[in-house]
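Secondary and tertiary structure notes
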Amino acid sequence: MKQYWARHQGKFRWGVRTPLETSGDFYKTAAGLFFVWADRVELRDGSLVFMNDTGAIQGAIAAGRWDAFFEAGADDSPQSVETRR
């Protein structure tokens, strides 16, 4: 699988389901998923915030722009899932 967005800048791989358009097929699957490497993700006022282990922000997705996120297993399957309300 190709990885681009965070370029392996983290220990964990997170899957995000979103209706957002991406800049190309490299970033998003047919199911509307794309994957992010980060040490952790936090939910802040409805936004997903991806950070490294020192707390520096690597990227974010605004509230209302994602449907679900999960820690992805080696086969892209969810290890745990969080959905927006």
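Structural data are supplied above this passage.
Below is a summary of the structure that appears in this document. Everything quoted here is computed from the prediction, not taken from an experiment.

The tally for this structure, following the rule as stated, stands at three aromatic pairs. Judged by centre distance (5.5 Å) and plane angle (70 degrees), the rings of W66 and F69 are edge-to-face. This pair shows no difference in class: W66 is buried, exactly as F69 is. In this arrangement the basic side chain of R13 is found over the ring face of F35, its NZ or CZ atom lying 4.0 Å from the centre.

Structurally, S47 is set in strand β4 (residues 47–51). You can call S47 buried: its relative accessible area is 18%. Within polar-contact distance, the side chain of S47 engages the backbone nitrogen of A63 at 3.2 Å.

Attention now goes to the sheet that holds strand β3 (residues 40–44). Two modes of strand pairing occur in sheets, parallel and antiparallel, and in both the strands are linked by backbone hydrogen bonds. If you trace the three strands from one edge of the open sheet to the other, you get β3-β4-β5, paired in antiparallel fashion. Of all the strands in the sheet, just β3 and β5 (57–61) have a single pairing partner and so form its edges. Across this sheet, the average inter-strand angle for adjacent strands is 25 degrees, counted without regard to direction. Strand direction decides the pairing type here: β3 and β4, joined by five bridges, are antiparallel. Bridge assignment links R44 to a residue of β4, and that residue is S47.

Here we come to the environment of D45. Secondary-structure assignment places D45 in the loop between β3 and β4. In sequence terms D45 and A63 are 18 residues apart; their C-alpha atoms lie 7.2 Å from each other.

Next up on the list: the nonpolar core. Nonpolar side chains in soluble globular proteins generally cluster together in the buried interior. Formed by W14, V16, F34, V36, A38, V41, L48, F50, I61, W66 and F69, the largest nonpolar core amounts to eleven residues. At the level of elements, β1 (12–17), β2 (33–38) and β4 are the ones that each hand at least two residues to this core. Ranked by residue count, the leading element in this core is β2, at three residues.

Moving on, we come to the pairing of β1. The sheet contact formed by β1 and β2 spans six bridges and is antiparallel. Bridging across to β2, W14 finds its partner in V36. Pairing of β1 with strand β6 (residues 68–72), which is carried by four bridges, proceeds in the antiparallel orientation. Of the residues in β6, the one forming a bridge with W14 is E71.

Definitions and limits used
- Residue indices begin from 1 for each chain and proceed along its sequence in written order.
- Residues qualify for local features only when their pLDDT is at least 70, as the model is predicted, and side-chain atom pairs are given and counted only at 80 or more; totals for whole chains, interfaces and linings, by contrast, use all residues.
- Water and hydrogen atoms were dropped before computing side-chain values, which therefore reflect all heavy atoms in the structure.
- Here a Phe, Tyr or Trp ring, Trp counted by its six-membered ring, pairs with any other such ring whose centre lies within 6.5 Å, and the pair is stacked when the planes are under 30 degrees apart, edge-to-face when over 60, and tilted otherwise.
- Whether a residue is buried, partly exposed or exposed follows from its accessible area with a 1.4 Å probe, protein chains only, as a fraction of its type maximum: under 20%, in between, or over 50%, in that order.
- Placement of a positive charge over a ring is assigned whenever Lys NZ or Arg CZ falls within 6 Å of the ring centre and within 35 degrees of the normal to the ring plane.
- Put simply, DSSP marks the helices as runs of H or I at least four residues long and the strands as runs of E at least two long, and each gets a number from the N terminus on.
- Two N or O atoms form a polar contact when they lie within 3.5 Å of each other; inside protein one atom must be a possible hydrogen donor and the other a possible acceptor, and for residues adjacent in sequence the pair counts only when both atoms belong to side chains.
- Here a strand pair is declared whenever DSSP counts at least two bridges between the two strands.
- Note on geometry: axes are C-alpha line fits, over the in-contact stretch for helices, and angles between N-to-C directions span 0 to 180 degrees.
- Nonpolar cores are built from buried Ala, Val, Leu, Ile, Met, Phe, Trp, Tyr and Cys residues. Side-chain atoms within 4.5 Å join them into one set.

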